[in-house]
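Breakdown of the fold
Residue-level listing of the chains:
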Amino acid sequence: MKKAISIILLFSCCFALYSCNYTYHDLEKSSINEYIDLVNKSHIGHSDVEIDHPDFFLPSNAFLTDYAYSEGMYFWREDDMLRGLSTTSVRPDISFIYLRYEDETYTEAKAFMLEKIKSYGDKRYLYGDYVFYENANFIEFKKTRRFPEQFTMACYNDSNNTLIFIGMYSGTLRGGSCLEKRYLDDIDGNWISFLDTYYGEVYDFSK
């Protein structure tokens, strides 16, 4: 009996150690200043799947400081998961930046964004006056396109002088996509619902 208990305890300890090495719990960042500091110092983002890496997410490493915004917000979340195991995250990882500008600065910032972030194809995704397009730099870096399961996108809204950058990862490391099937089958027809479902807690695109 003692030997059996010892074996059980040993197994429990090993599992606990394994879990400590591989378990991540709802990582989340929401400070744009902290993100700017990270980019300035290390030229990287918080995400380990590059969905907020400035080279594949923003027009440039210095974009957030080169063009002064009147309002700005950053958000990144990596959901609970087990590294190395075939598990599916409850929600996809997301990244998000919202920037609003005065008229002249908006014109300059938008022009720079369109110059540095080329669109993958001519497709545009609309939510009211918000115009989204896929970031070709991200696709070129990844050497593959897995939209809408993995992407970064740029967005502009001329009616309120707003630029937005979004990213998402939902895929292979977690044992498959955790997106709803309707988005995988028809992202075009469900684009507004897609944004509301996965980014609605961060930003209200109806305003």
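Refer to the structure presented above.
Below or above, wherever it landed, is the structure these notes cover. (Residues numbered from 1 in each chain as written. Predicted model: local features only at pLDDT ≥ 70, side-chain atom pairs only at ≥ 80, totals over all residues. Heavy atoms only, no water.)

1. A short note on the overall build of the chain
Assigned secondary structure in the chain consists of 8 helices and 9 strands. The buried share of the chain, taken over its 207 residues, is 44%. Sequence-distant contacts, at least 24 apart, represent 66% of the contacts inside the chain between residues at least 6 apart. For the chain, the exposed area adds up to about 10700 Å²; of that, 53% sits on carbon and sulfur atoms. (Helix = DSSP H or I, 4+ residues; strand = E, 2+ residues; numbered from the N terminus. Buried < 20%, exposed > 50% of the residue type's maximum accessible area, 1.4 Å probe, protein only. Contact = heavy atoms within 4.5 Å. Areas by Shrake-Rupley, 256 points an atom, 1.4 Å probe, with all protein chains shown as cover.)

2. Some points on unusual backbone geometry
For residues besides glycine, phi is generally negative; the peptide bonds are generally trans as well. Between phenylalanine 147 and the following residue, proline 148, the backbone shows a cis peptide bond with an omega angle of 5°. Tracing the chain through its elements places proline 148 in the loop between α6 (136–142) and β8 (150–157). Positive phi is not limited to glycine here, since glutamate 50 has a value of about 65°. Here glutamate 50 is to be found in the loop between α2 (32–42) and α3 (54–57). Phi at lysine 143 takes a positive value of approximately 65°, unusual for a residue other than glycine. Residue position: lysine 143 is located in the loop between α6 and β8.

3. Some words on the pattern of salt bridges
In total, this model carries 10 salt bridges according to the counting rule given. For the salt bridge of lysine 123 with aspartate 188, the shortest nitrogen-to-oxygen distance reads 3.4 Å. With a gap of 65 residues between them, lysine 123 in the loop between α5 (103–116) and β6 (125–127) and aspartate 188 in the loop between α7 (181–185) and α8 (191–199) connect regions that are remote in the sequence. With a relative accessible area of 37%, lysine 123 lands in the partly exposed category. Linking arginine 182 and glutamate 180 is a salt bridge whose minimum nitrogen-to-oxygen distance equals 2.7 Å. Among the residues examined, glutamate 180 registers a relative accessible area of 35% and is labelled partly exposed. When salt bridges that share partners are traced, they join Arg77, Arg91 and Glu201 into one network. (Salt bridge = Lys/Arg side-chain N within 4 Å of Asp/Glu carboxyl O.)

4. With respect to the pairing of strand β3 (residues 71–78)
Alignment of strand β2 (residues 27–29) against β3, held across 3 bridges, turns out to be antiparallel. By the bridge assignment for β3, lysine 29 is matched with tryptophan 76. Bridge count between β3 and strand β5 (residues 93–100): 7 bridges; the pairing is antiparallel. Each residue of the ladder has a partner; that of phenylalanine 75, found in β5, is phenylalanine 96. (Pairing = 2+ DSSP bridges.)

5. Here's the deal with empty space enclosed by the protein
Scanning the model with the defined rule gives 1 cavity of 30 Å³ or more in all. What the largest cavity holds in volume is close to 50 Å³. Contributing to the lining of the largest cavity are Glu134, Asn135, Phe138, Ile139, Thr144, Arg145, Arg146, Phe147, Gln150, Phe151 and Thr152. Put simply, the parts of the chain that give the lining of the largest cavity at least two residues each are α6 and β8. Of all the elements, β8 adds the most residues to the lining of the largest cavity, at 3 residues. (1 Å grid on protein atoms, 1.4 Å probe; cavity = no way out; pocket = protein on both sides within 12 Å on 5 of 7 lines; lining within 4 Å. Points joined across faces, edges and corners; volume = space filled by probe spheres on them.)

6. Description of the sheet that holds β5
The sheet built from 7 strands is open, its strands ordered β2-β3-β5-β9-β8-β7-β6 with antiparallel pairing. Taken across any chain shown, the strands that pair with only one partner, and hence form the sheet edges, are β2 and β6. Taking the axes of each pair of neighbouring strands and ignoring which way they run, one obtains an average angle of 15° across the sheet. In the sheet, β6 pairs with strand β7 (residues 130–134) via 3 bridges, with the strands oriented antiparallel. Note that in β7 the partner of leucine 126 across the bridge is valine 131. With respect to the sheet, α5 is in contact with β7, β8 and β9 (162–169), its orientation differing from that of β8 by roughly 150°. Relative to the sheet, α8 contacts β5, β6, β7, β8 and β9, its axis offset from that of β9 by approximately 80°. (Axes fitted to C-alpha atoms, helices over the stretch in contact; angles between N-to-C directions.)

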